[in-house]
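# Topology and contacts: notes
In case you want the letters, here they are:
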Amino acid sequence: MAQEIRKVAPGIRKRGNTYEFNVSAGYDGAGKHIRHYGTFTAPEGVSETKADRLAMEAYIEFACKARGNKSFGENMRFNQLCEIYFAEYAPNKLKRVTIENYKSNVKNHIAPVFGNRKLKDIETSDVSAFLTGLKCKPLTANKIKIVFHSILKYAVSQKYIKENPCSGAIWKESTEREYGKIENVLNLQQSQKLMLLLEEYSVFNTIVKLLLLTGMRSGECLGLRWSSINFQNKTIFIDKTLSYAENEWFLSTPKTERSTRTIAIDDKAIGILKKQKEEQDKQKEIVGAAWQHPELVFTSCTGHWYDRSLLNDQFRRFVKKHREELNLENNLTIHGLRHTNAALLLFSGEDIENISAHLGHASSDITSRVYAHMYAEVKIRMAKTVSSALFG
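Report follows, based on the coordinates. Computed from a predicted model, the values in this text were never measured in an experiment.

### Considerations on empty space enclosed by the protein
- The final tally for this structure, using the stated rule, is one cavity of 30 Å³ or more.
- There is about 40 Å³ of room inside the largest cavity.
- Along its surface, the largest cavity is lined by Glu220, Gly223, Leu224, Arg225, Ser228, Phe237, Ile238, Asp239 and Lys240.
- Residue composition of the lining of the largest cavity, by class: three nonpolar, two polar and four charged.

What follows is the structure, encoded as structure tokens:
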């Protein structure tokens, strides 16, 4: 009978009770791929999770020794560095979603230009020319720079190169404005009309109403668990988000450190959530033991993930159907509900620091820049209010 084989991480697989290592050590002078193979067996009695962790530690030690047999130095090519980076560094330091995004940026943007380039031949001026020549928004260019910098910083830490050529490189940030006027947003009258259109119960309607009331990101809402809702104190603790990577959905930590937060909700939101619990419990009785995620507030009708792509498609169809009723001049996406929540708070006179904390932005500076045009309107209204009070 064949032994079961399980992939643990890049370069590591488990066959039966033995972990097998496969380490890339670059290429020889003839261009032949050099690989080193090894094995590891975990101590008896340890859990599978701990055994995997011990195997990872043994793999890293084995890889270091294996690569010590051949010094790449600055003659290593960027593609070789990426292979090592995603096998050793990324699985231990980055989120799964981040790894997938990094790989995508390397494949689509960086590797086509630098993939076959030796590390010693990559200059800061080359990186600057690459980044400023990208046909994308400044924010996207900065994300690509972050990926490039991280990979080359790893190369410095492993002493493959002495300096990071990304340090000091320039990109589009200094020449183009990133944040313009946000048009993906509803005014007060449109928001009120939207709530009326969502009065009838459905899981979709409940999600949209909660997004508008709370300003949560859609992933945060779909990753919400019943244990995170305090009905008595009227709060929601946001510490998970629904993510997608490697062809599967899973819960991960939120976007930034400040995204883990507690937000207050009112009686309207409490009522909406209680109705959702009541209806979900009825559906659970029908489905029975096949219900996959009893801990989640929002699921499919069979208890599986309520994935974000489905939500986006449903909202797109909803907006198309009710465009005239909502008096929409611009496009509205599911993320526009978050912008709308921020706009309603701003125009009601709420402080920018409080709004930033409420939305879970990394800093209030981001909030100020994203909603700069709205904040400017608020300040004009404030000035007129003082003037009217003084002069009538």
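### Some remarks on the sheet that holds strand 9 (residues 261-264)
- The three strands are arranged 5-6-9 in an open sheet whose pairing can be described as antiparallel. Whereas interior strands pair on both sides, the edge strands pair on one side only; in this sheet they are strand 5 (229-230) and strand 9.
- As judged from the four bridges shared by strand 6 (residues 235-238) and strand 9, these two strands associate in the antiparallel manner. When the sheet's bridge partners are listed, Thr235 is paired in strand 9 with Ala264.

### Looking at the packing of aromatic side chains
- Here the structure, examined in full by the defined rule, presents 15 aromatic pairs.
- When the ring of Tyr85 is compared with that of Tyr154, the centres are 5.8 Å apart and the planes differ by 75°; the resulting orientation is edge-to-face. You can see Tyr85 sitting in helix 2 (residues 78-93) and its partner Tyr154 sitting in helix 5 (residues 138-157), a full 69 residues away along the chain. Grouping residues by exposure puts Tyr85 and Tyr154 together as buried.
- Judged by centre distance (4.9 Å) and plane angle (55°), the rings of Phe114 and Phe148 are tilted. In this pair, Phe114 sits in helix 3 (residues 96-114) while Phe148 sits in helix 5, placing the two residues 34 residues apart along the sequence.

Calculation notes
Residues numbered from 1 in each chain as written. Predicted model: local features only at pLDDT ≥ 70, side-chain atom pairs only at ≥ 80, totals over all residues. Heavy atoms only, no water. 1 Å grid on protein atoms, 1.4 Å probe; cavity = no way out; pocket = protein on both sides within 12 Å on 5 of 7 lines; lining within 4 Å. Points joined across faces, edges and corners; volume = space filled by probe spheres on them. Nonpolar A, V, L, I, M, F, W, Y, C, P; charged D, E, K, R; others polar. Pairing = 2+ DSSP bridges. Helix = DSSP H or I, 4+ residues; strand = E, 2+ residues; numbered from the N terminus. Phe/Tyr/Trp six-rings, centres within 6.5 Å; stacked < 30°, edge-to-face > 60°. Buried < 20%, exposed > 50% of the residue type's maximum accessible area, 1.4 Å probe, protein only.

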